[in-house]
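These are the residues of each chain, in order.
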Amino acid sequence: MPKSKTTTVHTTASQSTGAQSAGAQSAGAQSAGAQCAPAYRRKAKRKRFAVKRKRPNAKSSCFAAKTKRCNERNKRSTVGFKRRIAFIGGALIIALIAVILLMRPVGRKVYPIHYAEEVFHYATEYELDPCLVFAVIKVESDFTPNAVSRAGAQGLMQIMPDTADWIAWRQGREHDGRRILEPEYNIDMGCYLLSYLMEYYGGNIDYALAAYNAGKGAVDGWLESSEYFDGSKLRIPYEETDNYVKKVNFAYKSYKELYHEEFCDK
C-alpha cells in the first residue's frame, strides 16, 4: 500500500509540471504574437499611406491649378513692372538731356560776365584766371559797382580804403579815393591784390581767398598754429571767411563750366 501512494504522488507532480510548462509555452506564444503585431500594423499603415500619396484627389488638383494661375499672374506683373521701369528710365534720360540743354542759358543768368573787357584786361596783366576774377566779383558785390559794405569795403571787388592805399603804393602811384567805385579802377586794384596773394601763397587758391577776405596776417597766424593747420589742411576758424572761400570756389567752378569755350578763345 505505501508504494501505490508514492506512485500516485509522483504522477500528480509530473502532471502539474507539464501543465506549467504548457502554460509557459502558451504565454511565450502570446508574447511573440504581441511583439509581431506592431510591426505588421506599421507595414500595413505604410502601404495605405503610400497608396494615398500616389492617388490624386480633388483638393490637390485644385491647389495645383491655383498655383499655376498665381504663377502666370506673377509673371505678367513682373513683365509689366519691367516695362514701367524701362518707361520711367527713358523719361528720366529725356528729362536729364533737357536739363543739360537748358542749364547753360539759365546758369549764365545766375553767373553773368559783366565788365568782361576790364576783367580780361587786368586778369591777363596780372596772370589770373578770368573765371576766378568773375567769381570774386560775383560773391563780393554781385556786379554792383557802387556797393559798400558795413565794414567800409567799396566797389565791385570790395576794396578797403587802407588796402587801396597799400595797393597804390605797391603799384608806384598815389591812390585816388574818388575813383574807387569806378569799375576799371576797382578791378585793377582787386586783380593786383588777388595776384599778389596767389603768388604769396604759392598758387593756393583757398589761402589766397581767405587772405582776401580776412587779411594776410590772419591767414599767416592760422598757418603757423597747430590748432588750425596740420601741415596739409587749413581749418579756417572764422565762419564768415570759411563760407566766403566755399562760395567763391563754387562760383569759380560754375564759371569754368559755363564759359569754358569762350574763355579758351581769349
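Residues numbered from 1 in each chain as written. Predicted model: local features only at pLDDT ≥ 70, side-chain atom pairs only at ≥ 80, totals over all residues. Heavy atoms only, no water.

### Describing the confidence of the model for the protein
Part 1 of the reasoning: In this model, the protein carries a mean pLDDT of 79, and residues with pLDDT of at least 70 account for 67%.
Part 2 of the reasoning: Low confidence marks residues 1-37, where pLDDT is under 50. Its contacts with residues over four positions away, or in another chain, come to zero contacts. (pLDDT = per-residue confidence, 0-100. Contact = heavy atoms within 4.5 Å.)

### Section: the packing of helix α4 (residues 130-141) against helix α7 (residues 205-214)
Packed helix pairs are specified by the crossing angle of their axes together with the interaxial distance, meaning the distance between the axes.
Part 1 of the reasoning: Viewed as axis vectors pointing N to C, α4 and α7 meet at an angle of 35°, and their least axial separation amounts to 13 Å. Both α4 and α7 take part in a crossing whose hand is right-handed. Packed against α4, whose contacting residues are Leu132, Val136 and Glu140, the element α7 presents Ile205, Leu209 and Tyr212 at the interface.
Part 2 of the reasoning: Residues of the contact of α4 with α7, tallied by class, amount to five nonpolar, no polar and one charged. (Axes fitted to C-alpha atoms, helices over the stretch in contact; angles between N-to-C directions. Helix = DSSP H or I, 4+ residues; strand = E, 2+ residues; numbered from the N terminus. Left-handed = near helix turned anticlockwise from the far one by under 90°. Nonpolar A, V, L, I, M, F, W, Y, C, P; charged D, E, K, R; others polar.)

### Digging into the pattern of salt bridges
Part 1 of the reasoning: Applying the stated rule across the entire model yields six salt bridges.
Part 2 of the reasoning: Of the charged contacts, one joins Lys138 and Asp142 as a salt bridge, the two residues approaching to 2.9 Å between their closest N and O atoms.
Part 3 of the reasoning: The residue Asp188 makes a salt bridge to Arg173 at a minimum N-O spacing of 3.2 Å. In this pair, Asp188 is assigned in helix α6 (residues 183-200) and Arg173 in the loop between α5 (161-171) and α6, connecting sequence segments 15 residues apart.
Part 4 of the reasoning: Owing to a relative accessible area of 32%, Arg173 belongs among the partly exposed residues under this scheme. (Salt bridge = Lys/Arg side-chain N within 4 Å of Asp/Glu carboxyl O. Buried < 20%, exposed > 50% of the residue type's maximum accessible area, 1.4 Å probe, protein only.)

### Some details on α6
Part 1 of the reasoning: Under the 1.5 Å per step criterion, the end-to-end length of α6 is 25 Å for 18 residues, consistent within 8% with the ideal 26 Å.
Part 2 of the reasoning: Burial of α6 is extensive: 14 of the 18 residues sit out of reach of the surface.
Part 3 of the reasoning: Positive phi appears at Gly202, one or two residues downstream of α6, with a value of about 65°. (Expected span 1.5 Å × (residues − 1).)

### What about helix α3 (residues 116-125)?
Part 1 of the reasoning: Listed as buried for α3 are Val119, Phe120, Tyr122 and Ala123.
Part 2 of the reasoning: Phi turns positive one or two residues past the end of α3, at Glu127, with a value near 55°.

### Topic: the packing of α4 against helix α9 (residues 239-258)
Part 1 of the reasoning: Orientation of α4 relative to α9, taken along the N-to-C sense of each, is 130°, at an axis distance of 8 Å. Taken together, α4 and α9 sit at an angle that is classed as oblique. You can see that α4 and α9 cross each other, and the crossing is right-handed. Within the contact between the two elements, α4 uses Cys131, Leu132, Phe134, Ala135, Val136, Lys138, Val139 and Glu140 and α9 uses Tyr244, Lys247, Val248, Ala251, Tyr252, Tyr255 and Lys256.
Part 2 of the reasoning: Counted by class, the contact of α4 with α9 contains eleven nonpolar, no polar and four charged residues. (Parallel < 35°, antiparallel > 145°, perpendicular 65-115°, else oblique.)

### Some thoughts on unusual backbone geometry
Part 1 of the reasoning: Of note in this structure, Tyr115 is not a glycine but carries a positive phi near 60°.
Part 2 of the reasoning: When you line up the elements, Tyr115 lands in the loop between α2 (58-110) and α3.
Part 3 of the reasoning: Unusually for a residue other than glycine, Gln158 sits at a positive phi of about 50°.
Part 4 of the reasoning: Looking at the secondary structure, you find Gln158 in the loop between α4 and α5.

### Details of the packing of aromatic side chains
Part 1 of the reasoning: Counted by the stated rule, this structure contains twelve aromatic pairs.
Part 2 of the reasoning: Consider the rings of Tyr126 and Tyr192, whose centres lie 5.6 Å apart with planes at 85°: the pair is edge-to-face. Residue Tyr126 is located in the loop between α3 and α4, and its partner Tyr192 is located in helix α6; the two are separated by 66 residues in the primary sequence.
Part 3 of the reasoning: Its relative accessible area of 14% is what places Tyr126 among the buried residues.
Part 4 of the reasoning: For the pair Trp166 and Tyr196, a centre-to-centre distance of 5.1 Å together with 70° between the ring planes defines the contact as edge-to-face. A residue pair is termed long-range when its members are at least 10 positions apart, and Trp166 in helix α5 and Tyr196 in helix α6 qualify at 30 residues. (Phe/Tyr/Trp six-rings, centres within 6.5 Å; stacked < 30°, edge-to-face > 60°.)

### Details of the nonpolar core
Part 1 of the reasoning: Of all hydrophobic cores here, the largest spans 53 residues; its most connected members are Met157 and Tyr212.
Part 2 of the reasoning: For this core, the secondary structure elements donating two or more residues are α3, α4, α5, α6, α7, α8 (216-224) and α9.
Part 3 of the reasoning: When residues of this core are assigned to their parent elements, the largest contribution, ten residues, is made by α6.
Part 4 of the reasoning: Sequence-distant contacts of Met157, defined by excluding residues within four places in its chain, comprise Val133, Val136, Ile137, Glu140, Asn186, Ile187, Gly190, Cys191 and Tyr212. (Core = buried A, V, L, I, M, F, W, Y, C linked by side-chain atoms within 4.5 Å.)

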